[in-house]
Structure formats: C-alpha cells, structure tokens
Amino acid sequence: GSSNFLAALPTILWQRRWLLIVPLAITTVAGGIAAVFIPPLYRSQAVIVIESQQLPTDLVNSPITDVIDQRIARVRQRVLSRPDLIQLIRANNLYPEERKSQPLSKIIEDMRDATSIAVISADMQTGSGWRGAAATSTIAFTIGFEYPDPAKAQLVAQQYVNHFLETDAAAQAEQAVGSATFLGEQASSIQA
C-alpha cells in the first residue's frame, strides 16, 4: 500500500533526478534572462476624489454601480480621447522607437492599455437637504500610467489628472449656467 510507496519514494526520485533537475535549471536560467532583458515598467498613479453636494433623487435612487460606471466612463472619455493622447505622445516624446515603425493608431492603443482608471471607493448617502431632495456622493478613483521611464510616467499621469480637472471644472460651469438659465426661464414663466 501507501507505506511501500513512501519507502520507495527516495529511490524513485533518485532514478528520475534528471527529470527534476533539468526543468528546474532551464526555468531558472530563463527567469534570469527575462529579468535582465525585459525592461522595467514604472507606474505613476494619482487618486481623485469627486464629491457632489447635491444630486437629483432619481440619481441617488438608481443603483450605485450605474452611477459609478457612468462617472468612470466620462473620465475615460475625457482622458483617453484620441486627440488628447496624440498631443500627449508628441509633447512628451513617448514611444519614440514605436513611432518609427508602427502606425499611430497602434501606439494610441498601447497608451490606452498602459493607462489604468479604477474605482477605489464610492459612497452615496441620502441627505436631509432642501425638501429632502439633496444627497451627497463621494467617488474616489485612480488614474495611472505605466511607462519604462519613471519621470515620463509621472509626468503623463499628472497631465491626465490636470486634463480631467480642467474638463470637469468646465463641465460643472456649463451645468451651472444651464441650471441658472433654466431657473431664470422658470421665474419668467411664473411671473408671466
């Protein structure tokens, strides 16, 4: 039974020692070669926290994953648009060797693959604001970029954050103007 097998195990291993030693030696050498020749990648990440003071009740009552998915989709759209990526590639001289031999669309896809946008946490709470219609929402997410040059990885991640903050501020200003126009029209119609 099993006691005979355990007693014979050292003999079996000794007879088949080359079946263990050769694969171990090959994988060790391959790992060493890979460590030497594969260039390191550096990741630079930034955390962005979005806090909204007032959201419509229908938005708060919708599933939180829908709200998060919508916000992340907007972030991706703002940060990873083709013209903006082309501008970043040229301004920071990214992928210089690849630009000599590959089409720009392939390089843009590589840059999108090297960019990560992920949700860290999301918290939505109904509040007791004006007429109970206010709520607060906080969504934290990361924007990161991987590149062989650590300084360029950090620079591009910072530019992603700056671009997001600029476009988010512009969107909020546009929404505020739209709300003010709507309220002004409502006030005029009430006076009429």
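Heads up: the structure comes first, above all this text.
Everything numeric here is computed off the predicted structure, so don't read it as measured data. (Residues numbered from 1 in each chain as written. Predicted model: local features only at pLDDT ≥ 70, side-chain atom pairs only at ≥ 80, totals over all residues. Heavy atoms only, no water.)

Observations regarding a nonpolar patch on the surface
Here is step 1: The grouping of Phe5, Leu6, Leu9, Leu13, Trp18, Leu20, Ile21, Val22 and Ile26 at the surface amounts to a nonpolar patch, some 890 Å² of accessible area in total.
Here is step 2: Here the nonpolar patch takes five residues from helix H2 (residues 17–37), the largest share from any one element.
Here is step 3: Topologically, Val22 is positioned in helix H2. (Patch = residues over 30% accessible without salt bridge, like charges linked within 9 Å, V, L, I, M, F, W, Y side chains within 5 Å. Areas by Shrake-Rupley, 256 points an atom, 1.4 Å probe, with all protein chains shown as cover. Salt bridge = Lys/Arg side-chain N within 4 Å of Asp/Glu carboxyl O. Helix = DSSP H or I, 4+ residues; strand = E, 2+ residues; numbered from the N terminus.)

Details of the packing of aromatic side chains
Here is step 1: Applying the stated criterion to the full structure yields four aromatic pairs.
Here is step 2: Both rings, one in Tyr95 and one in Tyr147, keep their centres 5.3 Å apart while their planes meet at 85°; by these two values the pair is edge-to-face. A residue pair is termed long-range when its members are at least 10 positions apart, and Tyr95 in the loop between helix H5 (82–91) and helix H6 (96–101) and Tyr147 in strand E3 (residues 135–147) qualify at 52 residues.
Here is step 3: Overall, Tyr95 belongs to the buried group, its relative accessible area being 9%.
Here is step 4: Consider the rings of Phe141 and Phe164, whose centres lie 5.6 Å apart with planes at 90°: the pair is edge-to-face. Taken together, the positions of Phe141 in strand E3 and Phe164 in helix H8 (residues 150–191) put the pair 23 residues apart, joining distant regions of the chain. For the pair shown, Phe141 and Phe164 are each scored as buried.
Here is step 5: Ring-pair connections join several aromatic residues into one group, and the members of that group are Tyr95, Phe145, Tyr147 and Tyr160.
Here is step 6: Lying across the ring of Trp14, Arg17 places its NZ or CZ 4.1 Å from the centre. (Phe/Tyr/Trp six-rings, centres within 6.5 Å; stacked < 30°, edge-to-face > 60°. Buried < 20%, exposed > 50% of the residue type's maximum accessible area, 1.4 Å probe, protein only. Lys NZ or Arg CZ within 6 Å of the ring centre and 35° of its normal.)

Here's the deal with the packing of H5 against helix H7 (residues 104–114)
Here is step 1: Packing of H5 against H7 leaves a shortest axis separation of 10 Å and a crossing angle of 90°. Considering their axes alone, H5 and H7 lie roughly perpendicular with respect to each other. Contacts between H5 and H7 involve Arg82, Leu85, Ile86, Leu88, Ile89 and Arg90 from the former and Leu104, Ser105, Ile107, Ile108, Met111 and Arg112 from the latter.
Here is step 2: For the contact of H5 with H7, a count of residues per class yields eight nonpolar, one polar and three charged. (Axes fitted to C-alpha atoms, helices over the stretch in contact; angles between N-to-C directions. Parallel < 35°, antiparallel > 145°, perpendicular 65-115°, else oblique. Contact = heavy atoms within 4.5 Å. Nonpolar A, V, L, I, M, F, W, Y, C, P; charged D, E, K, R; others polar.)

A few points about H2
Here is step 1: Taking 1.5 Å per residue as the helical rise, H2 with its 21 residues ought to reach 30 Å, and the 30 Å between its terminal C-alpha atoms agrees with that figure.
Here is step 2: With zero of 21 residues buried, H2 lies mostly on the surface of the structure. (Expected span 1.5 Å × (residues − 1).)

Here's the deal with the side chain of Asn92
Here is step 1: Within the secondary structure, Asn92 is located in the loop between H5 and H6.
Here is step 2: Classification of Asn92 as buried rests on a relative accessible area of 10%.
Here is step 3: A polar atom in the side chain of Asn92 sits 2.8 Å from the side chain of Gln159.
Here is step 4: With near-sequence residues (within four places) excluded, Asn92 lies in contact with Lys152, Leu155, Val156 and Gln159. (Polar contact = N/O pair within 3.5 Å; in protein donor to acceptor, adjacent residues only side chain to side chain.)

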